[in-house]
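Coordinate analysis (summary)
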Amino acid sequence: RYYLAALQGDPEYQTALGNLALLYEAEGRKEEAQRLYRLVLQASPDDVRARNNYAAYLYDDRKVSEAISELLRAEAVARHSVVVDNLKRTEKAQK
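These remarks concern the structure in this document. Residue numbers here run from 1 along each chain, matching the order of that chain's written sequence. Two thresholds apply to this predicted model, a pLDDT of at least 70 for residue-level local features and 80 or more for giving and counting side-chain atom pairs, whereas whole-chain, interface and lining totals are computed over all residues. Excluding hydrogens and water, the side-chain figures rest on all heavy atoms present in the structure.

A word on the nonpolar core
Where we set the bar: Throughout, nonpolar core names a set of buried Ala, Val, Leu, Ile, Met, Phe, Trp, Tyr and Cys residues whose side chains join them through atoms within 4.5 Å. Partly exposed describes any residue whose relative accessible area lies between the buried limit of under 20% and the exposed limit of over 50%, with all areas from a 1.4 Å probe on protein chains only and scaled to the type maximum. A helix here means a DSSP run of H or I that spans at least four residues, while a strand means a run of E at least two residues long, and both kinds are numbered starting from the N terminus. In this analysis, two residues are considered to be in contact whenever any of their non-hydrogen atoms come within 4.5 Å of each other.
With 21 residues, the main nonpolar core has Leu36, Tyr37, Tyr54 and Tyr57 as its most contacted residues. For this core, the secondary structure elements donating two or more residues are helix 2 (14-26), helix 3 (30-43), helix 4 (48-60), helix 5 (64-77) and helix 6 (81-94). It is helix 4 that contributes the most residues to this core, six residues altogether. Each residue touching Tyr57, except ones within four places of it in the same chain, is listed here: Glu25, Lys30, Ala33, Gln34 and Tyr37.

Encoded structure:
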C-alpha cells in the first residue's frame, strides 16, 4: 500500500517500483513482478540493486543463464559484494 501511494505521487519513482516488484514476487505475482523489474531497468539500467533483485528472480525461475547475464551487467556498474557473491553462487549452480 505504501509503494502504491508513493507511485500515485510519482509514477516514475524507481525505488518504489523496484520494491513493489519484490513484494509482488514474494506474493507469487510473478508476471507483475517481472514487468516491474523490466520497467525499472529500462528507466534505470545502472540500478545495481534492481538488477541484482531481478537476477535473483530469474534464478528462482530457473533461468540461470539469464540471471548470470543480469549479474554481470550489475557487476560492470559496481562491484558490490552482494552482486559478486550472487554471481559466484549462480555460476557455481550452473556447472
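That shown, we press on.
Description of the pattern of salt bridges
Applicable threshold: The term salt bridge refers to a pairing of a side-chain nitrogen on Lys or Arg with a carboxyl oxygen on Asp or Glu at a separation within 4 Å.
Summed over the entire model, instances satisfying the criterion amount to six salt bridges. A salt bridge links Asp61 to Lys30, with the shortest nitrogen-to-oxygen separation between them at 2.8 Å. Of this pair, Asp61 sits in the loop between helix 4 and helix 5 while Lys30 sits in helix 3, placing them 31 residues apart in sequence. On the basis of relative accessibility, which here comes to 36%, the residue Lys30 falls in the partly exposed class. One salt bridge in this structure joins Asp61 and Lys63, with 3.2 Å as the shortest N-O distance. Taken together, the shared-partner salt bridges connect Glu27, Arg29 and Glu32 into one network.

Describing the packing of aromatic side chains
Cut-off, in case you're wondering: Centres within 6.5 Å are what make two rings of Phe, Tyr or Trp a pair, Trp counting through its six-membered ring; a difference in plane orientation under 30 degrees is then read as stacked, over 60 as edge-to-face, and the rest as tilted.
If you walk through the whole model with that rule in mind, you get three aromatic pairs. With a centroid separation of 5.5 Å and an interplanar angle of 40°, the aromatic rings of Tyr37 and Tyr54 are classed as tilted. Residue Tyr37 is found in helix 3, and its partner Tyr54 is found in helix 4; the two are separated by 17 residues along the sequence. Accessibility expressed as a relative area gives 1% for Tyr37, which makes it buried. A relative accessible area of 4% means that Tyr54 is categorised as buried. Aromatic pair Tyr37 and Tyr57: ring centres 5.8 Å apart, planes at 50°, arrangement tilted. With Tyr37 in helix 3 and Tyr57 in helix 4, the pair connects residues that are 20 residues apart, well separated along the chain. Residue classification places Tyr57 among the buried residues on the basis of a relative accessible area of 3%.

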